[in-house]
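In case you want the letters, here they are:
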Amino acid sequence: MSAHRRPFPTRWLAAGGAATLAGIIGVALLLQTGGSACAAPPSASAKTGQATFYDLAATSGNCSFEVPADDLYVALGPDQYAAGASCGAYLDVTGPKGRVRVKVFDSCPECATGHLDLSRTAFKRIGAEVDGIIPIKYKLVTNPSVPGPISVRIKEGASQHWFAARIDNHANLLSSVKVAGSGGSFRTAHRTDYNYWLIDSGAGPGPYKIKITDVYGNSTTVSGIDMRPGVVQKTSASLSGGSSTVAETAAPATTRSSASPAARKSSAPAKPTTAAPSPASPAPAVSALLASTEAVPSATGNALVDLAAGEVDASASAECG
């Protein structure tokens, strides 16, 4: 019989907590170079683990995304959530009944590395709900299809003096976000654990250009982004496949949304029926999470970090795109 884990009233940390967490796991995931965080392409091996399911208690998870229309999403433990660095990626998860593709949407503080907490809908696609916990294999999807073009949401409370934006539908893990205000030069934003990109001193008046780069070196620049807090601003840009920079203009379509991290309700049996990943295996940051079966070219201009071993490729450039 399944036992319910105690709900957590919030799924995100205060800024100080996020900085602490990033400092603990950041060496294996990110290289700090000139104020930007350079995430490396993930390792190329599939992973094994276990899955449970949970019911979202409100309208959003820790990544600050709206709930996907297909209700297929996953919450990750602290190592794999990696202070928000995994938000927006897609995983293929295979269980006893088949495979499902889920979006990284939330954090699960009580989940160990290799423990994926799926939405109930996703769990039922690959396992029997009455089992509560199932053995799985999972891997990162490279250049997945996404529901639409890139969108940008300016956070409530933002202004020309404090810039905060959430990027959605970027397909792959993001490496950097840079912002230029009207007539200004690009400035590097830093990512929070609740998945907003901040420039604490602001980016000046809009409209803004935002240059978005993923860990594979794909880059696009969206323009015409207005200072409209709480509104999802849709663009015509995409970010996957090629590695060239493409300038795009924000489309006028907008959607007002609520995107603050919220409580979640989890379901899991008291005793797992499958062993958790061995603690002897190296699993810094997202090493156990992010795996692709495809060979992926090195990200142009990115310093490479081997996520499985936490080593730096000294031959790579140390500057993000």
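Residues numbered from 1 in each chain as written. Predicted model: local features only at pLDDT ≥ 70, side-chain atom pairs only at ≥ 80, totals over all residues. Heavy atoms only, no water.

1. Things to note about unusual backbone geometry
No. 1: In this structure, P207 follows G206 across a cis peptide bond, with omega equal to 0°.
No. 2: Even without being glycine, S64 reaches a positive phi, approximately 70°.
No. 3: Tracing the chain through its elements places S64 in the loop between β4 (47-56) and β5 (73-76).
No. 4: One non-glycine residue, N143, lies in the positive phi region at around 50°.
No. 5: Tracing the chain through its elements places N143 in the loop between β9 (134-140) and β10 (151-154).
No. 6: Look at N143 and you get partly exposed, because its relative accessible area is 32%. (Helix = DSSP H or I, 4+ residues; strand = E, 2+ residues; numbered from the N terminus. Buried < 20%, exposed > 50% of the residue type's maximum accessible area, 1.4 Å probe, protein only.)

2. So, the state of the cysteines
By definition, a disulfide is the covalent link that joins the sulfur atoms of two cysteine residues.
No. 1: Inspection of the entire model under this criterion finds two disulfides.
No. 2: Linked covalently through their sulfurs, C108 and C111 form a disulfide whose S-S length is 2.1 Å. Between C108 and C111, the S-S torsion sits near 65°, and that sign places the bridge as right-handed. The two residues C108 and C111 agree in class, both being buried. (Disulfide = S-S within 2.5 Å.)

3. Things to note about the pairing of strand β12 (residues 174-180)
No. 1: The element β12 is largely enclosed, with a buried count of seven among its seven residues.
No. 2: Strand direction decides the pairing type here: β12 and strand β16 (residues 208-214), joined by six bridges, are antiparallel. Bridged to K178 within β16 is K211.
No. 3: Bridge count between β12 and strand β13 (residues 187-188): two bridges; the pairing is antiparallel. Across the sheet, the residue bridging to K178 is T188, located in β13. (Pairing = 2+ DSSP bridges.)

4. Some details on the packing of aromatic side chains
No. 1: Tallied over the entire structure, the rule returns five aromatic pairs.
No. 2: Consider the rings of F163 and Y208, whose centres lie 5.1 Å apart with planes at 65°: the pair is edge-to-face. You can see F163 sitting in strand β11 (residues 163-168) and its partner Y208 sitting in strand β16, a full 45 residues away along the chain.
No. 3: For F163, a relative accessible area of 0% puts it in the buried group.
No. 4: Y208 gets classed as buried once you look at its relative accessible area, which sits at 1%. (Phe/Tyr/Trp six-rings, centres within 6.5 Å; stacked < 30°, edge-to-face > 60°.)

5. Things to note about the environment of H190
No. 1: For H190, the location among the structural elements is in strand β14 (residues 190-191).
No. 2: Overall, H190 belongs to the partly exposed group, its relative accessible area being 34%.
No. 3: Sequence separation of H190 and D200 is 10 residues, and the distance between their C-alpha atoms is 8.9 Å.
No. 4: Once you skip the residues sitting within four places of it in the chain, H190 turns out to touch Y196, W197, L198 and D200.
No. 5: Within the local environment of H190, its side chain forms a polar contact with the side chain of D200, the two groups lying 3.0 Å apart. (Contact = heavy atoms within 4.5 Å. Polar contact = N/O pair within 3.5 Å; in protein donor to acceptor, adjacent residues only side chain to side chain.)

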